[in-house]
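# Chain and residue survey
What follows is each chain in one-letter form.
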Amino acid sequence: MEDRAPVPAPHPAQDVTEHVGYRLKRASAALRNAMDRALREHDLTVPQYSCLELLDEKPGLSNADLARGTFVTRQSANVVLRGLKEAGLITRPLTTEHGRALPTHLTPAGERRLRAARGAVYAIEERMIRNIPEGRLTALLADLDTMTEALGE
(Lines give C-alpha, C1' and ligand atoms only; values in the text may rest on other atoms or scores of the structure.)
Protein backbone atom coordinates (compact mmCIF):
# COMPACT_ATOMS: atom_id res chain seq x y z
CA MET A 1 0.00 0.00 0.00
CA GLU A 2 1.29 3.46 -0.97
CA ASP A 3 2.15 6.01 1.66
CA ARG A 4 -0.26 8.87 1.07
CA ALA A 5 1.13 11.15 3.73
CA PRO A 6 1.46 14.68 2.39
CA VAL A 7 4.93 15.90 1.54
CA PRO A 8 5.54 19.26 3.20
CA ALA A 9 6.22 22.10 0.76
CA PRO A 10 9.58 23.92 1.07
CA HIS A 11 7.68 27.21 1.60
CA PRO A 12 4.04 28.29 1.87
CA ALA A 13 2.30 27.85 -1.49
CA GLN A 14 -1.34 27.47 -2.51
CA ASP A 15 -0.47 25.43 -5.60
CA VAL A 16 2.38 24.49 -7.92
CA THR A 17 2.34 27.91 -9.63
CA GLU A 18 3.56 29.52 -6.41
CA HIS A 19 6.72 27.42 -6.18
CA VAL A 20 10.08 28.98 -7.00
CA GLY A 21 10.99 26.30 -9.53
CA TYR A 22 7.74 26.79 -11.42
CA ARG A 23 8.23 30.56 -11.55
CA LEU A 24 11.84 30.20 -12.68
CA LYS A 25 10.81 27.80 -15.45
CA ARG A 26 7.99 30.12 -16.52
CA ALA A 27 10.37 33.11 -16.69
CA SER A 28 12.96 31.00 -18.52
CA ALA A 29 10.39 29.84 -21.08
CA ALA A 30 9.16 33.41 -21.65
CA LEU A 31 12.75 34.62 -22.14
CA ARG A 32 13.57 31.76 -24.49
CA ASN A 33 10.45 32.37 -26.60
CA ALA A 34 11.18 36.09 -26.87
CA MET A 35 14.81 35.41 -27.80
CA ASP A 36 13.82 32.76 -30.36
CA ARG A 37 11.52 35.27 -32.09
CA ALA A 38 14.05 38.11 -32.01
CA LEU A 39 17.02 36.02 -33.12
CA ARG A 40 15.09 34.47 -36.00
CA GLU A 41 15.28 37.91 -37.64
CA HIS A 42 19.08 37.63 -37.44
CA ASP A 43 19.12 34.03 -38.71
CA LEU A 44 20.43 32.75 -35.36
CA THR A 45 19.27 30.33 -32.70
CA VAL A 46 19.68 31.00 -28.98
CA PRO A 47 22.61 28.55 -28.66
CA GLN A 48 24.28 30.12 -31.73
CA TYR A 49 23.85 33.61 -30.29
CA SER A 50 25.22 32.40 -26.95
CA CYS A 51 28.29 30.94 -28.69
CA LEU A 52 28.93 34.21 -30.50
CA GLU A 53 28.66 36.14 -27.21
CA LEU A 54 31.08 33.78 -25.47
CA LEU A 55 33.56 33.92 -28.34
CA ASP A 56 33.39 37.70 -28.39
CA GLU A 57 34.23 37.73 -24.68
CA LYS A 58 36.81 34.92 -24.79
CA PRO A 59 38.18 34.21 -28.29
CA GLY A 60 39.67 30.76 -28.80
CA LEU A 61 37.28 28.76 -26.60
CA SER A 62 37.03 25.04 -27.29
CA ASN A 63 33.93 23.01 -28.10
CA ALA A 64 33.79 21.78 -24.47
CA ASP A 65 34.03 25.35 -23.13
CA LEU A 66 31.29 26.50 -25.47
CA ALA A 67 29.07 23.54 -24.57
CA ARG A 68 29.38 24.37 -20.86
CA GLY A 69 28.82 28.08 -21.46
CA THR A 70 25.72 27.57 -23.59
CA PHE A 71 24.20 24.78 -21.44
CA VAL A 72 24.19 22.18 -24.21
CA THR A 73 25.93 18.83 -24.68
CA ARG A 74 29.22 18.61 -26.57
CA GLN A 75 27.39 16.88 -29.40
CA SER A 76 24.86 19.72 -29.60
CA ALA A 77 27.68 22.25 -29.43
CA ASN A 78 29.27 20.54 -32.46
CA VAL A 79 26.03 21.00 -34.41
CA VAL A 80 25.82 24.66 -33.35
CA LEU A 81 29.45 25.30 -34.31
CA ARG A 82 29.02 23.54 -37.65
CA GLY A 83 26.10 25.85 -38.48
CA LEU A 84 28.05 28.94 -37.44
CA LYS A 85 31.05 27.86 -39.49
CA GLU A 86 28.92 27.11 -42.58
CA ALA A 87 27.38 30.59 -42.21
CA GLY A 88 30.88 32.10 -42.17
CA LEU A 89 30.47 33.47 -38.62
CA ILE A 90 33.33 31.55 -36.96
CA THR A 91 36.62 29.92 -37.84
CA ARG A 92 37.93 26.64 -36.44
CA PRO A 93 41.10 24.87 -37.54
CA LEU A 94 40.76 21.31 -38.82
CA THR A 95 43.60 20.22 -36.53
CA THR A 96 45.57 21.65 -33.65
CA GLU A 97 49.23 21.35 -32.75
CA HIS A 98 48.58 21.13 -28.99
CA GLY A 99 46.03 18.76 -27.48
CA ARG A 100 42.65 17.97 -28.98
CA ALA A 101 40.76 21.24 -28.43
CA LEU A 102 40.09 23.26 -31.58
CA PRO A 103 40.11 26.98 -30.74
CA THR A 104 37.19 28.89 -32.21
CA HIS A 105 37.15 32.57 -33.26
CA LEU A 106 34.60 35.01 -34.65
CA THR A 107 35.00 36.16 -38.21
CA PRO A 108 34.29 39.80 -39.12
CA ALA A 109 30.86 38.63 -40.36
CA GLY A 110 30.31 36.92 -37.01
CA GLU A 111 31.18 40.13 -35.16
CA ARG A 112 28.70 42.10 -37.30
CA ARG A 113 25.93 39.52 -36.83
CA LEU A 114 26.55 39.47 -33.08
CA ARG A 115 26.37 43.27 -32.78
CA ALA A 116 23.06 43.34 -34.66
CA ALA A 117 21.55 40.47 -32.65
CA ARG A 118 22.86 41.81 -29.34
CA GLY A 119 20.70 44.90 -29.68
CA ALA A 120 17.59 42.73 -30.04
CA VAL A 121 18.53 40.53 -27.07
CA TYR A 122 19.39 43.49 -24.84
CA ALA A 123 16.04 45.07 -25.71
CA ILE A 124 14.34 41.89 -24.46
CA GLU A 125 16.30 41.96 -21.21
CA GLU A 126 15.50 45.64 -20.73
CA ARG A 127 11.79 44.87 -21.21
CA MET A 128 12.06 41.98 -18.77
CA ILE A 129 13.62 44.05 -15.96
CA ARG A 130 12.09 47.44 -16.71
CA ASN A 131 9.73 47.41 -13.72
CA ILE A 132 12.18 45.99 -11.18
CA PRO A 133 13.74 48.73 -9.01
CA GLU A 134 17.55 48.83 -9.22
CA GLY A 135 18.11 47.71 -5.62
CA ARG A 136 15.75 44.78 -6.07
CA LEU A 137 17.46 43.82 -9.33
CA THR A 138 20.81 43.60 -7.55
CA ALA A 139 19.21 41.43 -4.86
CA LEU A 140 17.44 39.27 -7.47
CA LEU A 141 20.73 38.57 -9.25
CA ALA A 142 22.38 37.68 -5.94
CA ASP A 143 19.45 35.42 -5.02
CA LEU A 144 19.64 33.62 -8.37
CA ASP A 145 23.36 33.04 -7.84
CA THR A 146 22.67 31.74 -4.32
CA MET A 147 20.06 29.29 -5.65
CA THR A 148 22.47 28.06 -8.33
CA GLU A 149 25.25 27.56 -5.80
CA ALA A 150 22.87 25.71 -3.45
CA LEU A 151 22.27 23.17 -6.21
CA GLY A 152 26.00 22.69 -6.72
CA GLU A 153 26.25 24.35 -10.13
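Notes on the structure in this doc start here.

About the criteria used
Residues numbered from 1 in each chain as written. Predicted model: local features only at pLDDT ≥ 70, side-chain atom pairs only at ≥ 80, totals over all residues. Heavy atoms only, no water. Helix = DSSP H or I, 4+ residues; strand = E, 2+ residues; numbered from the N terminus. Contact = heavy atoms within 4.5 Å. Core = buried A, V, L, I, M, F, W, Y, C linked by side-chain atoms within 4.5 Å. Buried < 20%, exposed > 50% of the residue type's maximum accessible area, 1.4 Å probe, protein only. Expected span 1.5 Å × (residues − 1). Axes fitted to C-alpha atoms, helices over the stretch in contact; angles between N-to-C directions. Parallel < 35°, antiparallel > 145°, perpendicular 65-115°, else oblique. Left-handed = near helix turned anticlockwise from the far one by under 90°. Polar contact = N/O pair within 3.5 Å; in protein donor to acceptor, adjacent residues only side chain to side chain. Salt bridge = Lys/Arg side-chain N within 4 Å of Asp/Glu carboxyl O.

### Examining the side chain of Asn63
- Along the polypeptide, Asn63 turns up in helix H3 (residues 63–70).
- Discounting residues that sit within four places of it in the chain, Asn63 has contacts with Arg74, Ala77, Asn78, Leu81, Arg92 and Leu102.

### A look at the nonpolar core
- With 22 residues, the main nonpolar core has Met35, Leu39, Leu44, Tyr49, Leu52, Leu84 and Ile90 as its most contacted residues.
- For this core, the secondary-structure elements that each account for two or more residues are helix H1 (20–40), helix H2 (46–57), helix H4 (74–86) and helix H5 (108–129).
- Top contributing element to this core by residue count: H2, with five residues.
- In this structure Leu39 touches Leu44, Thr45, Val46, Tyr49, Ala117 and Val121, once residues within four positions along its chain are discounted.

### Some remarks on the environment of Leu44
- Residue position: Leu44 is located in the loop between H1 and H2.
- With relative accessibility at 5%, the residue Leu44 sits in the buried group.
- Expressed as a C-alpha distance, the spacing of Leu44 and Val80, which sit 36 residues apart in the sequence, is 9.9 Å.
- When sequence neighbours within four positions are dropped, the list of residues in contact with Leu44 reads Leu39, Leu52, Leu84, Leu89, Arg113 and Ala117.

### Notes on helix H6 (residues 134–150)
- Here H6 spans 24 Å end to end across 17 residues, near enough to the 24 Å set by a 1.5 Å rise per residue.
- Residue Gly152 follows H6 closely and has a positive phi angle near 80°.

### Looking at the packing of H1 against H5
- Orientation of H1 relative to H5, taken along the N-to-C sense of each, is 150°, at an axis distance of 10 Å. It follows from the interaxial angle that H1 and H5 lie roughly antiparallel. Considering the relative orientation of H1 and H5, their crossing is right-handed. Along the contact surface, H1 presents Leu31, Ala34, Met35, Ala38 and Leu39, while H5 presents Ala117, Ala120, Val121, Ile124 and Met128.

### Some remarks on the side chain of Arg92
- Considering the arrangement of structural elements, one finds Arg92 in the loop between strand E1 (90–91) and strand E2 (105–106).
- Of the polar contacts made by the side chain of Arg92, one reaches the side chain of Thr104; its length is 3.3 Å.
- Each residue touching Arg92, except ones within four places of it in the same chain, is listed here: Asn63, Asn78, Leu81, Lys85, Leu102, Pro103 and Thr104.

### Quick look at the pattern of salt bridges
- Counting across every chain of the model gives five salt bridges.
- Taking the shortest distance from any N to any O, the salt bridge between Arg32 and Asp36 comes out at 3.3 Å. Taken as a pair, Arg32 and Asp36 lie in helix H1 at a separation of four residues, close to a single helical turn.
- For Asp36, a relative accessible area of 24% puts it in the partly exposed group.
- One salt bridge connects Arg118 with Asp56, and the closest N-O pair in it is separated by 2.9 Å. Here Arg118 is found in helix H5, whereas its partner Asp56 is found in helix H2, with 62 residues between them in sequence.

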